[in-house]
Amino acid sequence: RVLFRSVTSANALDVVAKSKTVPTFLLLYSPYCGFCHQVLPTWDELIDKYENDTEIVIGKIDCIANNVCRKIAKNLVGYPTFNTYLRGKPRSIRPDRTIESFSNIVENLKQ
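All values reported here derive from a predicted model rather than from experimental measurement.

Peer 1: Would you mind going over the nonpolar core with me for this structure?
Peer 2: In globular proteins that are soluble, nonpolar side chains generally tend to be buried together. Membership of the largest hydrophobic core comes to 20 residues, with the highest contact counts inside it found for Phe25, Trp43, Leu46, Ile58 and Phe82. At the level of elements, strand S2 (24-29), helix H2 (34-49) and helix H4 (99-110) are the ones that each hand at least two residues to this core. In terms of residues, this core owes the most to one element, H2, which gives 6 residues.

Peer 1: Is there a simple way to explain the environment of Thr42 in this structure?
Peer 2: Mapping Thr42 onto the fold places it in helix H2. Sequence separation between Thr42 and Ile61 is 19 residues, and the spatial gap between their C-alpha atoms is 15 Å.

Peer 1: How do you make sense of the layout of surface pockets when you look at a structure like this?
Peer 2: Space left empty within the atom packing is revealed by a probe, the size of a water molecule, rolled over the atoms. In this structure, the largest pocket spans a volume of roughly 230 Å³. Lining the largest pocket are Asn75, Val77, Gly78, Tyr79, Pro80, Thr81, Phe82, Ser92, Ile93, Arg94, Pro95 and Arg97. Listing elements by their share of the lining of the largest pocket, those giving two or more residues are strand S4 (81-86) and strand S5 (89-93). Residues that form the lining of the largest pocket fall into these classes: 6 nonpolar, 4 polar and 2 charged.

About the cut-offs
- Residues numbered from 1 in each chain as written.
- Predicted model: local features only at pLDDT ≥ 70, side-chain atom pairs only at ≥ 80, totals over all residues.
- Heavy atoms only, no water.
- Core = buried A, V, L, I, M, F, W, Y, C linked by side-chain atoms within 4.5 Å.
- Buried < 20%, exposed > 50% of the residue type's maximum accessible area, 1.4 Å probe, protein only.
- Helix = DSSP H or I, 4+ residues; strand = E, 2+ residues; numbered from the N terminus.
- 1 Å grid on protein atoms, 1.4 Å probe; cavity = no way out; pocket = protein on both sides within 12 Å on 5 of 7 lines; lining within 4 Å.
- Points joined across faces, edges and corners; volume = space filled by probe spheres on them.
- Nonpolar A, V, L, I, M, F, W, Y, C, P; charged D, E, K, R; others polar.

As structure tokens, then:
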């Protein structure tokens, strides 16, 4: 299993390519964003929860440190941004920022 816990400029295009066969759920964030700092522990909990699941890829990318965010994102206008990728196509969503909401999205993506 290829787990993209941390997405970087070096592997971001691989993550999108992987989404052509495995649904992907990414958090695009800024280390300077207070809302991002609030959601990161919950996001890490989600990553841990699905860490051994081969039917989903979950990751996060620091968009300040990695200049590839605008290439892989859909509607990146602020942080945090949540994107799903199905068959290589990004879709920006606005989920509730809870483990339950994130888990429901993951389960729906896997279907």
